[in-house]
Amino acid sequence: MNKKLFVLLVVLMSLSLLGIIFVQVYWIRTSINDKEEQFSRTVTDILDKVASRVEKREMKEYSDRLASLADSIGEPKSTQYKNFLFVDRDLNSDEILFYSHGILEEDYNITSAFFDINTGGNEDTTTIKNFTSKRTKAVFKEEYGLDGKSYSLTPIQRAEKIGGLSSIDKAAWEDVFMEAAKTRPIHKRVSKQELELLLSQELSNRNIDTDYEYGVYSQGYPTKVRSKKFKFSGSKMYKAPIFKDSEGVSNFSLLLTFPSMKKYIFSSVMGMALMSLVFTLIIMVAYSSAIYQLIKQKRISEIKSDFINNMTHEFKTPIATINLAVEAIRNPKSFDDKEKVLRYLGMIRDENKRMHAQVENVLRISKLEKNQLDISKDRVNMHDLIVDAIAHIELIVQDRGGYVNAHLDAERADVLANEMHMTNVIVNILDNAVKYSPEPPKIDVYTEVVKNSIIIKVQDQGAGMSKVVLKKVFEKFYREHTGDIHNVKGHGLGLAYVKRIIDDHQGEVYAESEKGKGSAFFIKLPLI
């Protein structure tokens, strides 16, 4: 994939993911704000309704007490001080309409004790009067006798109605009781039990199930009517006037707070928020995995390309050598020179072995990955294996003017291992030290016993590795890029093979290195 296209796809996918996350967060915040507004409106309605119910209850108590006292007094003293008359005669039908409307005043002589007012020993002058309206309608028909002289009025319709006053008069009546009720202490006008009952009922009707605290305050000062844990300052408070007068003004406020309001509101959107969060996390995980796989596949593609190039180079040289040797043998001049023919045949054999070793290395790694490689383990001495491994590369090192020194100081060296594979492990590490030493190779091999394990250290003074390379040096196909990928022969399988074999032996392998200062490879194996 084109690098620019890959970067563009990653940027677009990242922007899309960020957009989804932003939308989800915005949606959750908007939902919480909407829930808070809805909750506030509901609580305000509840407070208004509770205050109204308390006020109506108080007015009803006065009305009931007044009716009870009026009944106990009996017939009140009545006076009709206003009366309006209306008379109309219809000449066509000989009917006369009489209509009258009067206002009756009824005095009950009820004392001030009705309002719980303390007169301070003064003469009781409180009077409660009731006013009603009396309306009378009568229709008479004029009738004359047969002689034409006698005359009479015959009633054909008569109605009398006694009822209450108009809405304006009723408002005046209620205002009288509101003003009288102001003189009573607030705790006698409403109780904590009543407020708790009404609030619980209204909250239950609106499906609000959370703890609350309430209090009645008078011009910012607390009264006795409040819950035990109510605090004026703290969480958000909802307020509604209570015991308003005829002008809608009140000195008292009913306050309501919810200590767990935030938790309650958030819990109402918790289900959808969690689902949104889960799906967003799934998208993020899927996105991260996709990006990781893309990067990994791109890297593997590059590594495999390098591997193919290296393998091609590794096979190209021996094939060319074999081809030249075959052509030399086919030359008639070489038939009589047996020594030259044998030398060419030896070259063919060596190059063939070299190619066979490369193929075996690749197949060995493949079998290790599929767990198809049969590794039998016996008691072996690691010092003996190290000596054999050094013998494999000693001539090459001497030919380049370097050295390999063994410092086998471990008191015990017997481990349970496969002799062939463990020897290959040491050879691969030593061969790596030789290949990555630009100058004459200088290699030291150390052994020591730490607790119940033997530590094998292979130290070189070669090119060294950066920290990035050090983290990936045991990965399959990985090779450090040095500009010309063929300046060091290999295909990135040697150290991967080392790691798999050591892991199979329940051991550990790791490296320490610094660029330009050489590398040190450590193998830790359990002793018998």
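This text gives an overview of the structure that appears in the document. (Residues numbered from 1 in each chain as written. Predicted model: local features only at pLDDT ≥ 70, side-chain atom pairs only at ≥ 80, totals over all residues. Heavy atoms only, no water.)

Moving on: the overall build of the chain. Within the chain, the regular secondary structure consists of 11 helices and 15 strands. For the chain, the proportion of contacts with a sequence separation of at least 24, taken over those separated by at least 6, is 69%. Per element, the accessible surface of the chain, about 32900 Å² overall, is 54% carbon and sulfur. (Helix = DSSP H or I, 4+ residues; strand = E, 2+ residues; numbered from the N terminus. Contact = heavy atoms within 4.5 Å. Areas by Shrake-Rupley, 256 points an atom, 1.4 Å probe, with all protein chains shown as cover.)

A word on the sheet that holds strand β12 (residues 442-450). Strand order in the open sheet formed by five strands is β10-β12-β13-β15-β14, with mixed pairing between adjacent strands. The open sheet has two edge strands with one neighbour each: β10 (403-408) and β14 (508-513). Sheet twist, expressed as the average angle between the axes of neighbouring strands with direction ignored, equals 15°. Across eight bridges, β12 lies against strand β13 (residues 453-460) in antiparallel orientation. Paired with I443 across the bridge in β13 is D460. Those strands touched by helix α9 (residues 419-435) are β12, β13 and β15 (519-526), and its axis lies near 170° from that of β15. (Pairing = 2+ DSSP bridges. Axes fitted to C-alpha atoms, helices over the stretch in contact; angles between N-to-C directions.)

Let us look at the packing of aromatic side chains. One pass over the structure, following the stated rule, counts eight aromatic pairs. Ring centres 5.0 Å apart and planes at 70° place the aromatic pair F39 and F258 in the edge-to-face group. Here the residue F39 occupies a position in helix α1 (residues 3-73), and F258 occupies one in the loop between β8 (252-257) and α5 (261-268), the gap between them amounting to 219 residues. No difference in accessibility class separates F39 from F258, as the two residues are buried. Taking the relative accessible area as the measure of exposure, F39 reaches 5% and is therefore buried. Members of the aromatic cluster, connected to one another through ring pairs, are F39, Y238, F258 and Y264. Just above the ring of F243 sits the side chain of R189; from NZ or CZ to the centre is 4.0 Å. (Phe/Tyr/Trp six-rings, centres within 6.5 Å; stacked < 30°, edge-to-face > 60°. Buried < 20%, exposed > 50% of the residue type's maximum accessible area, 1.4 Å probe, protein only. Lys NZ or Arg CZ within 6 Å of the ring centre and 35° of its normal.)

Turning next to the pairing of β12. Where β10 meets β12, six bridges bridge the pair, whose relative direction is parallel. Across the sheet, residue H407 finds its bridge partner in β12, namely Y446. Hairpin connection from β12 to β13: two residues lie between these consecutive antiparallel strands, with K451 at a positive phi of about 55°.

As for its position among the elements, R400 is in the loop between α8 (382-399) and β10. The residues touching R400, leaving out its near neighbours within four places in the chain, are V434, S437, P438, E439, P440 and P441.

Attention now goes to the environment of K137. Within the fold, K137 resides in strand β3 (residues 129-144). Assessed through its relative accessible area of 35%, K137 is described here as partly exposed. Counting along the chain gives 37 residues from K137 to S100, while the straight-line C-alpha distance between them is 6.6 Å.

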